[in-house]
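Survey of secondary and tertiary structure
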Amino acid sequence: MPGLIESHTHLATSADRAAAEFELNRFIYGGVTTVRDMAGDVRALAELQRAALIGEIPVPDIHYAALLAGESFFVDPRTRASSMGEVPGRVPWLRIVGPDTDLAQTIAIARGTWATGVKTYASIEGLLLARIAAEARRQGIPVWSHTHVGPALPMDVATTGVTSMSHVCSLASAAIPDEVVAEALAGRRSAMVEVDLKDPRIDAVLEEMKRRGTVLDATLKVGFFREERMAAQDSLATPPAQRNVQSDVQTPDGPPPDPRRRGVRAACSAEEGVTLTRRAFEAGVLISTGTDAPAGRAAEWPALHDELAFLHERVGMPMEEVIRAATRNGALALGLEADIGTIEEGKYANLVFLRENPTAGVGNLESVHFILKRGRRFNRNESSLEPRPVAGRRAGTTCFAADAHLQGDGGTAEGSSAQGAFS
Ligand SMILES: [Zn+2]
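Residues numbered from 1 in each chain as written. Predicted model: local features only at pLDDT ≥ 70, side-chain atom pairs only at ≥ 80, totals over all residues. Heavy atoms only, no water.

Among the secondary structure elements, Phe 22 is positioned in helix H1 (residues 17-29). Between the alpha carbons of Phe 22 and Arg 297 there is a distance of 9.4 Å; along the sequence they are 275 residues apart. (Helix = DSSP H or I, 4+ residues; strand = E, 2+ residues; numbered from the N terminus.)

Laid out in structure tokens, this is it:
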């Protein structure tokens, strides 16, 4: 079968070559031949990309984003972690955009980092997003957007014709009542609201995505990962009042909204994410397989295998469709469908050879015999998952993750976090 494509990972939120190589090694020997990094320190990513391309290290091919966001986003500690030594918001790969930004120059500079996509992350108005998408199209680079870049709502994002939209749960933001959105825009409210997930405006977004061929980078894994982590924190007996992350609704009379927040967002559990993914699939929207979350340090397989199991077992996608999501749709999400994603003459020889039939069960994806990437062979039984010693600090992957938990987010279950290290 074609090599698997992880369409949402973070390898260098805080540059750590040994930790990134460990993760990438697990990817390639798990059948993943291409990864898309969705924001991090491009100086580190470019070096890994070079090493991957010339076969210096056993890793998948690496594609990465240059991130654009409104100024208010750049108080996020991860932006400092990803631009150490420089000023976040002013470096070519993490850049402030606003109504007066010279977009032709900004996108040209992003392309100069060897980023293969522009990621629109947060604090961007719908009109500005449309101008970014148009300029990126003119310069031939895809836009990889969050589904909700606040204040731009999912429909604002879908109508710009971006290449992919990340985080299925953010589709719920399409169902936020108009008056609540207006209050948020007026700065009177910044919080998580409960919405009706059956709202037809969600279906309208899905219809638009289908019409345009926009790929939904669902990232179910990060939702479950986050809930597991919160449950683990709960078990540490924190008083409930101190850990309720959804109780920060600001009334018009209340204190001013935290400027780091980006308007109102819809609450959505991991299980509701599954329901929304099923609805997207049934509506005919292309789904790619990104995780936005790391596998446990001791895990044998990359987190992508969990995402594939979620799509098959919980969403109910047939294995043929799961495989298509992880291969052809991943290529479409990256804008690389001419080179990878299917087995066709003229495309790269990115292939996974399995001992069992993968259409007969998701577990058979773990019967990997060997992998080819651009024709180079990697034998599963030669994989070594011994992490390299890390000098100076603990290894670990920090997630530049879904915007539902940007603040007060202490990194991953197992490692250091950008926030812990730099704030
Ligand atoms: Zn992410």
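Next up on the list: the packing of helix H9 (residues 220-234) against helix H11 (residues 270-282). Interaxial distance between H9 and H11 falls to 8 Å at its minimum, and their mutual angle equals 165°. With respect to their mutual orientation, H9 and H11 come out roughly antiparallel. As H9 runs across H11, the sense of the crossing is left-handed. Of H11, the residues touching H9 (which contributes Leu 220, Gly 223, Phe 224 and Glu 227) are Ala 270, Glu 271, Gly 273, Val 274 and Thr 277. (Axes fitted to C-alpha atoms, helices over the stretch in contact; angles between N-to-C directions. Parallel < 35°, antiparallel > 145°, perpendicular 65-115°, else oblique. Left-handed = near helix turned anticlockwise from the far one by under 90°. Contact = heavy atoms within 4.5 Å.)

Bringing the pairing of strand E2 (residues 32-37) into the picture now. Summarising burial for E2: six of the six residues are buried, a large majority. You can see the chain leave strand E1 (residues 4-9), run along H1 and come back into E2, and the turn it takes is right-handed. In the sheet, E2 pairs with strand E3 (residues 61-69) via four bridges, with the strands oriented parallel. By the bridge assignment, Asp 37 is partnered in E3 with Tyr 64. (Buried < 20%, exposed > 50% of the residue type's maximum accessible area, 1.4 Å probe, protein only. Right-handed = clockwise from strand over helix to strand, strands pointing away. Pairing = 2+ DSSP bridges.)

Turning next to helix H7 (residues 178-185). Residues Val 180, Val 181 and Ala 184 constitute the buried set of H7. Buried residues of H7 fall within an arc of 100° about the axis and therefore sit on the same side. The outward face of H7, more than 90 degrees from its buried face, is lined by the exposed residues Asp 178, Glu 179 and Leu 185. Where the residues of H7 are buried, they touch strand E9 (192-193). (Arc of directions from axis to C-beta.)

Let us look at helix H12 (residues 304-315). Relative to the 16 Å expected for 12 residues at 1.5 Å per residue, H12 spans 15 Å between its end C-alpha atoms, a close match to the ideal helical length. Of the residues making up H12, those classed as buried are Leu 304, His 305, Glu 307, Leu 308, Ala 309, Phe 310, Leu 311 and Val 315. As for H12, its buried residues are in contact with E1, E2, H9, H11, strand E12 (287-288) and helix H13 (319-326). The first or second residue beyond H12 is Gly 316, which carries a positive phi of 90°. (Expected span 1.5 Å × (residues − 1).)

Turning our eyes to something else, we now look at the pattern of salt bridges. Applying the stated criterion across every chain yields a total of 21 salt bridges. One salt bridge connects Arg 50 with Glu 56, and the closest N-O pair in it is separated by 3.1 Å. Residue Arg 50 is classed as partly exposed on the basis of its relative accessible area, which comes to 37%. Residues Glu 208 and Arg 211 are paired through a salt bridge, measuring 3.0 Å at the closest nitrogen-oxygen approach. Residue Glu 208 and its partner Arg 211 are both found in helix H8 (residues 200-212); the two are separated by three residues, about one turn of the helix. (Salt bridge = Lys/Arg side-chain N within 4 Å of Asp/Glu carboxyl O.)

Within the structure shown, the criterion is met by five aromatic pairs. Geometrically, the ring pair formed by Phe 353 and Phe 370 is stacked, given 4.2 Å between the ring centres and 15° between the ring planes. Taken together, the residues span a long stretch of sequence, with Phe 353 in strand E13 (residues 351-354) and Phe 370 in strand E14 (residues 368-373) at a distance of 17 residues. Overall, Phe 370 belongs to the buried group, its relative accessible area being 12%. Aromatic ring contacts, followed pair by pair, group Phe 73, Phe 74 and Tyr 121 into a single cluster. Its guanidinium or amino end placed over the ring of Phe 22, Arg 297 lies 4.7 Å from that ring's centre, counting from NZ or CZ. Here the basic side chain of Arg 377 rests over the ring of Phe 370, its NZ or CZ set 3.6 Å away from the ring centre. (Phe/Tyr/Trp six-rings, centres within 6.5 Å; stacked < 30°, edge-to-face > 60°. Lys NZ or Arg CZ within 6 Å of the ring centre and 35° of its normal.)

This part covers a negative patch on the surface. The grouping of Glu 194, Glu 227, Glu 228 and Glu 272 at the surface amounts to a negative patch. Relative to the elements of secondary structure, Glu 272 occurs in helix H11. The class of Glu 272 is partly exposed, set by a relative accessible area of 31%. (Patch = residues over 30% accessible without salt bridge, like charges linked within 9 Å, V, L, I, M, F, W, Y side chains within 5 Å. Areas by Shrake-Rupley, 256 points an atom, 1.4 Å probe, with all protein chains shown as cover. Lys, Arg positive; Asp, Glu negative; His and termini not counted. Charge placed at Lys NZ, Arg CZ, Asp CG, Glu CD.)

The subject of this paragraph is the nonpolar core. In terms of nonpolar packing, the biggest core is built from 102 residues, with Leu 171 and Met 209 touching the most fellow members. Once residues within four sequence positions are removed from consideration, Met 209 is found in contact with Ala 158, Met 165, Leu 171, Thr 214, Val 215, Leu 216 and Val 285. In terms of nonpolar packing, the next biggest core, distinct from the first, is built from seven residues, Val 215, Ala 333, Leu 336 and Ile 340 among them. (Core = buried A, V, L, I, M, F, W, Y, C linked by side-chain atoms within 4.5 Å.)

Here Lys 221 is to be found in helix H9. Here the side chain of Lys 221 touches Asp 306 through a polar contact of 2.6 Å, side chain to side chain. With residues near it in sequence (within four places) discarded, Lys 221 still touches Thr 291, Ala 293, Pro 294, Ala 303, Asp 306, Glu 307 and Phe 310. (Polar contact = N/O pair within 3.5 Å; in protein donor to acceptor, adjacent residues only side chain to side chain.)

So, on to the confidence of the model for the protein. When the pLDDT values of the protein are averaged, the result is 86; 84% of them are 70 or greater. Contacts for the low-pLDDT stretch residues 240-261, under 50 throughout, to residues beyond four places or in other chains number 31 contacts. Considering only residues more than four positions removed or in separate chains, one finds that residues 391-423, a stretch of pLDDT under 50, has 98 contacts. (pLDDT = per-residue confidence, 0-100.)

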